[in-house]
Amino acid sequence: MLSHVTPELRNWSGTYQFTAREVIAARTIGDVRRAVAAGGRVRAIGTRHSFNDLADNGATLVSVTGIAPDPVIDAAAHTVTVGAGTSYGTLAAWLQDRGWALGNLGSLPHISIAGATATGTHGSGSGNRVLSAAVAGMEYVAADGELRHADRSTPGFDGMVVGLGAFGIVVRVTLDIERSYLVRQDAYIGLAWDRALADLGAIMDAAYSVSLFTDWSGESLRAAWVKRRMEGTSADAASDSETPEEFFGARRDPGPVRFIDAPADNLTVVGVAGPWSERLPHFRLDSTPSNGDEIQSEYFVDRRHGPAALAAIRRLSAGITPLLMVSEIRSIARDELWLSGSYGRETLAIHITRRNRPGEVVAVLWDVEKALEPFAYRPHWGKVSHVTAGQVAERYPRLGDARALFERLDPDGRFSGDRLERLGVR
Ligand SMILES: Cc1cc2nc3c(=O)[nH]c(=O)nc-3n(C[C@H](O)[C@H](O)[C@H](O)COP(=O)(O)OP(=O)(O)OC[C@H]3O[C@@H](n4cnc5c(N)ncnc54)[C@H](O)[C@@H]3O)c2cc1C
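Everything numeric in this text was worked out from a predicted model, so none of it was measured.

Caption draft 1: Fine view of the overall build of the protein. Regarding its fold elements, the protein presents twelve helices and 21 strands. Over its C-alpha trace the protein gives a radius of gyration of 21 Å, about what one expects of a compact globule, namely 22 Å for 426 residues. With respect to the three principal axes, the spread of C-alpha positions in the protein is 60 × 50 × 40 Å. In the protein, buried positions account for 58% of the 426 residues. Taking contacts inside the protein between residues at least 6 apart in sequence as the whole, the part at least 24 apart equals 72%. Element-wise, carbon and sulfur atoms account for 51% of the exposed surface of the protein, whose accessible area totals about 16,100 Å².

As structure tokens, then:
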């Protein structure tokens, strides 16, 4: 177990400086148990890809990313159990080598499973729920330092999965898996805004995963990134001849495409079918993702309000576009996880990556949030927003149940933090 006092611990993008005084890099579950048993405030930290103070606590942080993944497949149950600090990319490659797959992935494969699932991280696809919905079970170190197990039969499990680190330190997770499959992704250029707003539902439903990229200016979006799930497991089985050249009036761009502000060779391959593990994320596991000097925000609205919400942001384009790196629009299927951004509603996710100019960004954020207020948006837990405790209480119908659960599992608030308390989660 490595423990060090850190003068300057920052998040992945460098835009948030932690106030925690100590970081414990656990190598074993025993290390985590000892760290918790030592007393005081402790909080789990993942790969630090969040953009706000969610993971911080001003005291001790414990990382489980150094614990060996040791994945174990249960073929009969269609699950894999793996170290919670493992990155999605590492697990995805391991599963693919054995003919298995996850149902979906986020845009970046470098993020830890525990951190992603704890915040309701999602990919895209009208039929795909947040990544957390694949969590079938977990082992966690509880407030008394004991190792505990929870699964779908455990009362309150739906409140634990998007758990925001609020009840313990998750050390192993069990995820649903399925047989491996192929995905082919294609980029389409020139999707007109009028068409996008008129046919939004059909566009988002048109493939296994659809992402729309825009800088909000002009009459067309920058690109639609369409990921089609193919039958069969060999590239030969996935015929190119059936790939449409047109997508709602947009034309296929054979590439190389560069519609995210990152070098094209950081992006997963377009135009050729390949394993799900190498097509569902936007960024390649073996390269450095987008430049990092950025601030991300994301808002979840009921899909029925999608066109109106997009139109509202578009009206702000003169202020937003100059500060923007890119915006991505995705759809997410509804789920029943208490603190998920998609709890109880089919969801449209509106993501905004801005340049790292905090003062100006804050001003624009207020405008965006004001424009989205009529749609009762829920912000991504791991990204920047001005959300208040009142808004959280109003928009998460199971918040009271979640708070009661966290209080029962951690009566002394050992796993709490300022953000959780400010937002009324603890
Ligand atoms: C380039 C980039 C791309 C992204 N793409 C997407 C995307 O496609 N979709 C999306 O929804 N989000 C996306 N995100 C956001 C990201 O998925 C979330 O912020 C996620 O929480 C980060 O995981 P992490 O491991 O870095 O967790 P951290 O930021 O380190 O921690 C986040 C939370 O998880 C908790 N946590 C971490 N580990 C544990 C554990 N072992 N036990 C209990 N709780 C734990 C922490 O306490 C904290 O509350 C992206 C972020 C970046 C920087």
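Caption draft 2: Looking closely at the site of the ligand. The local shell around the ligand holds 35 residues, among which Ala44, Gly46, His49, Ser50 and Ser112 are the closest. In the model, an oxygen atom of the ligand is placed 2.6 Å from a nitrogen or oxygen of the Ala44 main chain. Within the backbone of His122, a nitrogen or oxygen atom sits 2.8 Å from a nitrogen atom of the ligand. Relative to its free-state accessible area of 970 Å², the ligand is covered by the protein chains to the extent of 98%.

Caption draft 3: Region of the structure containing the sheet that holds strand S8 (residues 135-141). An order of S5-S6-S10-S8-S9 is seen for the five strands of this open sheet, with the pairing classed as antiparallel. Two strands close off the open sheet at either side, each with one partner strand: strand S5 (72-74) and strand S9 (147-151). Pairwise comparison of adjacent strand axes, ignoring direction, gives a mean angle of 20° for this sheet. Note that S8 and strand S10 (residues 169-176) share six bridges and pair antiparallel.

Caption draft 4: Structural detail: the nonpolar core. In this structure, Met138, Trp276, Leu339 and Trp381 are the most contacted members of the largest nonpolar core, which totals 57 residues. Among the secondary structure elements, those contributing two or more residues to this core are strand S6 (79-83), helix H2 (88-97), strand S7 (100-101), helix H3 (113-118), S8, helix H4 (157-160), S10 and helix H11 (399-409). Not counting residues up to four positions away in its chain, the partners in contact with Leu339 are Val162, Leu164, Trp381, Tyr396, Leu399, Ala402, Phe406 and Val425. One finds Leu323, Ile352, Val368 and Tyr377 within the second-largest nonpolar core, a separate group that totals 38 residues.

Caption draft 5: Structural context of the environment of Leu105. You can see Leu105 is positioned in the loop between S7 and H3. Along the backbone, Leu105 and Thr121 are 16 residues apart, and their C-alpha atoms lie at a distance of 9.0 Å. Those residues in contact with Leu105, other than ones at most four positions away along the chain, are Tyr88, Ala92, Gly123, Leu131, Trp276, Ser277, Leu280 and Pro281.

Caption draft 6: Representation of the pairing of S9 in the model. Across five bridges, S8 lies against S9 in antiparallel orientation. Considered in S9, the bridge of Val141 is made with Leu147. Here S8 hands over to S9 after five residues, with Gly145 in that stretch at a positive phi of 85°.

Caption draft 7: The arrangement of helix H9 (residues 358-372) in detail. With 15 residues, H9 extends 21 Å from end C-alpha to end C-alpha; this agrees with the ideal 21 Å at 1.5 Å per step. Every buried residue belonging to H9 is among Val361, Val364, Leu365, Val368, Glu369, Ala371 and Leu372, and all of these are buried. All buried residues of H9 fall inside an arc of 150° around its axis, so they share one side. Exposed residues pointing more than 90 degrees away from the buried face of H9 are listed as Gly359 and Lys370. Taken together, the buried residues of H9 touch strand S18 (294-302), helix H7 (306-314), helix H8 (317-320) and strand S20 (347-355).

Caption draft 8: Summary view of the pairing of strand S16 (residues 250-253). Relative to S16, strand S12 (residues 182-189) runs antiparallel, the two being bridged by three bridges. Bridge assignment links Ala187 to a residue of S16, and that residue is Asp253. Examined bridge by bridge, strand S15 (residues 246-247) and S16 share two bridges and lie antiparallel to one another. Counted as the bridge partner of Phe247 is Ala250 from S16. Here S15 hands over to S16 after two residues, with Phe248 in that stretch at a positive phi of 50°.

Caption draft 9: Seen up close, unusual backbone geometry. Here the phi dihedral of Arg48 falls at roughly 60°; this positive angle occurs in a residue that is not glycine. Assignment of secondary structure puts Arg48 in the loop between strand S3 (42-45) and strand S4 (60-63). Its relative accessible area of 32% is what places Arg48 among the partly exposed residues.

Rules used throughout
Residues numbered from 1 in each chain as written. Predicted model: local features only at pLDDT ≥ 70, side-chain atom pairs only at ≥ 80, totals over all residues. Heavy atoms only, no water. Helix = DSSP H or I, 4+ residues; strand = E, 2+ residues; numbered from the N terminus. Rg over C-alpha atoms; globule rule 2.2 N^0.38 Å. Buried < 20%, exposed > 50% of the residue type's maximum accessible area, 1.4 Å probe, protein only. Contact = heavy atoms within 4.5 Å. Areas by Shrake-Rupley, 256 points an atom, 1.4 Å probe, with all protein chains shown as cover. Near = heavy atom within 4 Å. Polar contact = N/O pair within 3.5 Å; in protein donor to acceptor, adjacent residues only side chain to side chain. Pairing = 2+ DSSP bridges. Axes fitted to C-alpha atoms, helices over the stretch in contact; angles between N-to-C directions. Core = buried A, V, L, I, M, F, W, Y, C linked by side-chain atoms within 4.5 Å. Expected span 1.5 Å × (residues − 1). Arc of directions from axis to C-beta.

Everything listed is a geometric property; what it means functionally is a separate question.
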